[in-house]
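Coordinate analysis (summary)
Residue-level listing of the chains:
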Amino acid sequence: MKDAALYELVRVGGRGLLGEVIRVAGDQATIQVYEDTAGLRVGEPVVATGRPFEITLGPGLLGAVIDGVGRPLGRIAEAVGDFIEPGVAADTLDDKRLWTFTPSVRAGDRVTTGDVLGTVEERPGMGHSVLVPAGVAGELAQIGPGAFTVVQTVAQLADGTSLRLAHAWPVREPRPAARRLPSREPFITGQRVFDFLFPVAEGGSVAVPGGFGTGKTVIEQSLAKYGAADVVVYIGCGERGNEMAEVLEELPRLVDPRTGRSIMDRTVLVVNTSNMPVAAREASVYVGITIAEYYRDMGYRVAVMADSLSRWAEALREIGARLQEMPGEEGYPTYLGNRLAKFYERAGRVEALGRPTRTGVVTLVNAISPPGGDFSEPVTQASLRVAGALWALDPDLAHQRQFPAVDWETSYSLYAETTAPWFAQSVGSDWPEIRRSTLELLQQERQLREIAGLVGPEALQDRDRLLLETARVVRETVLGQSAYDPNDAYSPVEKTYRLAALAHRLYRAGLAALDRGTPIDHIDLTRGRNALAAVRRARSDELEARATEADAAVAAIGKG
C-alpha cells in the first residue's frame, strides 16, 4: 500500500471490515482492524478511503448510543440483532430524518470557519447551532429556512461550496478555538465531598483512581445524572456489559429537573464494552471527546465521563505489543504519558471560533482502575502529572460503607483557591474557612484514631474525644452520601454549606461546653448528630425548616 497515509481509514476484505493504518514502512502498511477478523483470508482486498478516522457531527447526536467507532447501536440492533456482525456499517446520524432549519444569516453575508449559519431544535429546548466547517469561508449565495436531512444542502457559497447540517471531523485532532479562557466557576457535581473539599473548575480535569468495588462507576453515573452540565458525554471504555445495560436502563427514566424531560435528551453514550473488539476501545475516548468539543463550540457546558482510562491504556499496550514497539513501564508503550496528556488537554473553557461570540466548556472526569488499587502504576501516575484534581478512592472506606469512598488525605484539588471566591459570594462568605477547618479536623482525627487504637478512646483527653466524635459526624453526615436516597443522591451547594457549617458549629459548641467545665459525657452530641441527619435527608422545600431546628439543637449542646 505505497500510497497509504498514517491514520487513514481502510476497508479490509470482502466484508469491508473497518480498519485504520497505524504504521507505514515503505510500501507496507500495518492496519488496526476495529472488528473481529475471524475468517479473514490471504488475498482479500484492502481498500483505502483516502480519509482519516472521522465522525459525523450534526443534529441527532443527543440521546444517541454509539459504539467506539461511531456506529449507532440501536439501528444496528434493528438490522442484524443484538450482536454486531463484522463488516456492518451504519452512519452515525440518521440521514432520512428531517430537521427544521432556521437561518441566522442572509444571502450576501460573508461567513468563515465557526460562524453560526442557523439553528435546529435537536431536542425540546435544546437548540443545535449549524456551524461553518473548518477551512470554509466565502460569501453566501443561497440560504433559507426549511426542513432538511443532514446530507442535504442548506446553504451555498458563491464559489459553489455546499453547506449542510452536519460535517465530519477527524477524532484524533482537537477542534480549534479562538482562545482558551481561565476557569473560575466550579463544576457543581451535587456530591458534597467533591463540591466542598475537592472542587473542580468548569473546564478542568479530574482523575478518579480506585480499586475494584470502590464505587468509580457509581460516581461517574451520579455525575452524569446530576452534574451541572448542559450536555453529558458518557464513555464506557471497556466496561462490563451489565454496567452499561444498567446505565441504558436508568438514564431514560431519570427526569432532568431543569426541563422535566428525560436526562437522555442531553446525553450521548459512547459504548465499547469489554466483549467488543479491543482495538476500537482505543478510538472510543477520541470519539467521545470530539463530540464534547462540538457541543462546546456551540456555547454549551459539556461534561465528559470516561470509564475507564486504564482499559484504554491496556488497548494501547496491546496494540503496541502487536507492533513490536519497545515497551515501557509494566509493558505500556513509552508514549503513554504523551497520549494521556494530549487527551487531558482537550478539556478547557474556550471562546469558540466564529460569530456570534460563544463561550463553551469541556470538563473531563476520568475513572482509572489501577491493578490492586496501586496508585504508583503508570496510568495513575501519568494522569496525576496533568490532571487538575485527584479524587482518590479508598477500599477501606468502601468496606466501612463510606460512600463516596474518597480518601481526603490523598485527594487534592488545584482548583480550590480559584473557585473559593465563587463559593464565598454565592453560598457563604465563610465557605473557605469552614473547608480549611474541616480538612484539619479530618487530618487530626486520622492521627488520634491511631492513638485511640492503642490506648482506647476513654484514655484520651476530653477535647480529643470531642474531636473524634465530631469527625465521625462529618464523615457520616456531611461527606457521606447515598446514591439511592432520592433526597440525598443530589446535594445542592446550599445544603452542602448548611451541613458543613452546622458540623463546624457543633464542634465549636462542644469546645465551648468543655471550656465551661462540662464533662464530655454530659455533652449531648447525639442530638446534634440527629439534627444534622435530618437536614441531610430533607427535601429542598424542607431544608430551611430543618436547618433552623438543627441550629437550635447545636446551640443547646452542653447546656443543662
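Residues numbered from 1 in each chain as written. Predicted model: local features only at pLDDT ≥ 70, side-chain atom pairs only at ≥ 80, totals over all residues. Heavy atoms only, no water.

1. Here we look at the overall build of the chain
Within the chain, the regular secondary structure consists of 15 helices and 24 strands. Expected size for 560 residues packed as a compact globule is a radius of gyration near 24 Å; at 27 Å, the chain falls within 12% of this value. Dimensions of the chain, computed from the C-alpha atoms along their principal axes, are close to 85 × 55 × 40 Å. When the 560 residues of the chain are sorted by exposure, 53% land in the buried category. Counting contacts in the chain only where the partners sit at least 6 residues apart, residues at least 24 apart contribute 70% of the total. Only carbon and sulfur atoms are counted for the fraction: they give 49% of the accessible area of the chain, which is about 24,100 Å². (Helix = DSSP H or I, 4+ residues; strand = E, 2+ residues; numbered from the N terminus. Rg over C-alpha atoms; globule rule 2.2 N^0.38 Å. Buried < 20%, exposed > 50% of the residue type's maximum accessible area, 1.4 Å probe, protein only. Contact = heavy atoms within 4.5 Å. Areas by Shrake-Rupley, 256 points an atom, 1.4 Å probe, with all protein chains shown as cover.)

2. Some remarks on the pairing of strand β9 (residues 116-123)
The pairing of strand β7 (residues 99-103) with β9 spans two bridges and is classified as antiparallel. By the bridge assignment, P103 is partnered in β9 with G118. Hairpin geometry of β9 and strand β10 (residues 126-131) is characterised by an intervening segment of two residues between the two adjacent antiparallel strands and by a positive phi of about 85° at G125. (Pairing = 2+ DSSP bridges.)

3. Overview of the sheet that holds strand β3 (residues 28-33)
Read across the open sheet, the four strands follow the order β3-β2-β1-β4; overall the sheet is antiparallel. Among the strands making up the open sheet, the edge pair consists of β3 and β4 (46-52). On average, each strand axis in the sheet is inclined to that of its neighbour by 40°, with strand direction left out of account. Sheet topology places strand β2 (residues 17-25) next to β3; six bridges connect them, and they run antiparallel. (Axes fitted to C-alpha atoms, helices over the stretch in contact; angles between N-to-C directions.)

4. Things to note about a nonpolar patch on the surface
A contiguous nonpolar patch, built from L6, Y7 and V24 and spanning about 240 Å² of accessible area, is present on the exposed surface. Inspection of the secondary structure puts V24 in strand β2. What makes V24 partly exposed here is its relative accessible area of 34%. (Patch = residues over 30% accessible without salt bridge, like charges linked within 9 Å, V, L, I, M, F, W, Y side chains within 5 Å. Salt bridge = Lys/Arg side-chain N within 4 Å of Asp/Glu carboxyl O.)

5. Here's the deal with the packing of helix α6 (residues 309-322) against helix α7 (residues 336-344)
Helices that pack against each other are described as a pair by the angle of their axes relative to one another and the distance between those axes. Between α6 and α7, whose axes approach to 11 Å, the crossing angle comes to 135°. With respect to each other, α6 and α7 are oriented oblique. Crossing geometry of α6 relative to α7 is assigned as right-handed. Touching L309, W312, A313 and L316 of α6 are L336, R339, L340, F343 and Y344, all from α7. (Parallel < 35°, antiparallel > 145°, perpendicular 65-115°, else oblique. Left-handed = near helix turned anticlockwise from the far one by under 90°.)

6. Focus on the sheet that holds strand β13 (residues 153-157)
Note on sheets: strands pair through backbone hydrogen bonds, and any given pair is parallel or antiparallel. Strands sit in the order β8-β11-β13-β14 across an open sheet of four strands; the sheet is antiparallel. Every other strand in the sheet has two partners, leaving β8 (110-111) and β14 (162-164) as the edge strands with one partner each. With two bridges connecting them, β8 and strand β11 (residues 138-143) associate as antiparallel partners. Residue pairing across strands places R110 opposite E139, the latter belonging to β11.

7. A few points about the packing of helix α12 (residues 462-479) against helix α13 (residues 493-515)
Here α12 crosses α13 at 165°, and the two axes come no closer than 10 Å. What the angle tells us is that α12 and α13 run roughly antiparallel. In the crossing of α12 with α13, the sense of the turn from one axis to the other is right-handed. Of the residues in α13, those touching α12 at D462, R463, L466, L467, T470, V473, V474, T477 and V478 are L499, A500, A503, L506, Y507, G510, L511, L514 and D515. Across the contact of α12 with α13, the residue classes tally to 12 nonpolar, three polar and three charged. (Nonpolar A, V, L, I, M, F, W, Y, C, P; charged D, E, K, R; others polar.)

8. Thoughts on the pattern of salt bridges
Taken as a whole and judged by the stated rule, the model has 39 salt bridges. Between D521 and R465 there is a salt bridge, and its shortest N-O distance comes to 3.2 Å. Of this pair, D521 sits in the loop between α13 and α14 (525-537) while R465 sits in helix α12; the two residues are 56 residues apart in sequence, bridging distant segments of the chain. Residue classification places D521 among the exposed positions, given a relative accessible area of 62%. For R465, a relative accessible area of 25% corresponds to the partly exposed category. Its salt-bridge partner being R539, residue E542 comes within 3.2 Å of it at the nearest N-O pair. Sharing partners across several salt bridges, the network here consists of E20, R172, E282 and R339.

9. A word on the packing of aromatic side chains
Summed over all chains, the structure comprises 13 aromatic pairs. Aromatic side chains F343 and Y344 sit 6.4 Å apart centroid to centroid with 75° between the ring planes, which places their arrangement in the edge-to-face category. Between W422 and F423, the aromatic rings sit 5.2 Å apart at their centres with planes inclined by 85°, giving edge-to-face as the arrangement. Members of the aromatic cluster, each reached through a chain of ring pairs, are F196, W422, F423, W431 and Y497. The ring of Y332 has R317 lying over it, and the distance from NZ or CZ to the ring centre is 4.3 Å. (Phe/Tyr/Trp six-rings, centres within 6.5 Å; stacked < 30°, edge-to-face > 60°. Lys NZ or Arg CZ within 6 Å of the ring centre and 35° of its normal.)

10. As for helix α11 (residues 431-455)
Compared with the 36 Å implied by 1.5 Å per residue over 25 residues, the 36 Å span of α11 between its first and last C-alpha is a close match. Those residues of α11 lying buried are W431, I434, R435, S437, T438, L439, L441, L442, E445, R446, L448 and A452. Tucked inside the fold, the buried residues of α11 contact α2 (192-197), α10 (416-426), α12 and α13. With its phi angle positive at about 90°, G456 sits one or two positions after the end of α11. (Expected span 1.5 Å × (residues − 1).)

11. Digging into the confidence of the model for the chain
Across the chain, pLDDT averages 91, with 99% of residues at or above 70. Element-level mean pLDDT values for the chain span from 84 in helix α4 (residues 241-250) up to 97 in strand β21 (residues 348-351). (pLDDT = per-residue confidence, 0-100.)

12. Observations concerning the environment of Q221
Structurally, the position occupied by Q221 is in helix α3 (residues 216-226). Taking the relative accessible area as the measure of exposure, Q221 reaches 10% and is therefore buried. Along the backbone, Q221 and R301 are 80 residues apart, and their C-alpha atoms lie at a distance of 17 Å. If we skip the residues at most four places from it in the chain, Q221 touches Y234, E243 and V247.

13. Quick look at the nonpolar core
By size, the foremost hydrophobic cluster in this structure holds 80 residues, and its most contacted members are L197, F198, L269, M305, W391 and L479. It is α13 that contributes the most residues to this core, 13 residues altogether. Not counting residues within four places of it along the chain, the set of residues in contact with L269 comprises A64, V65, I66, Y234, V247, L248, L251 and M264. If you look at the next biggest cluster of nonpolar residues, it comprises 77 residues, including L61, L117, V150 and C237. (Core = buried A, V, L, I, M, F, W, Y, C linked by side-chain atoms within 4.5 Å.)

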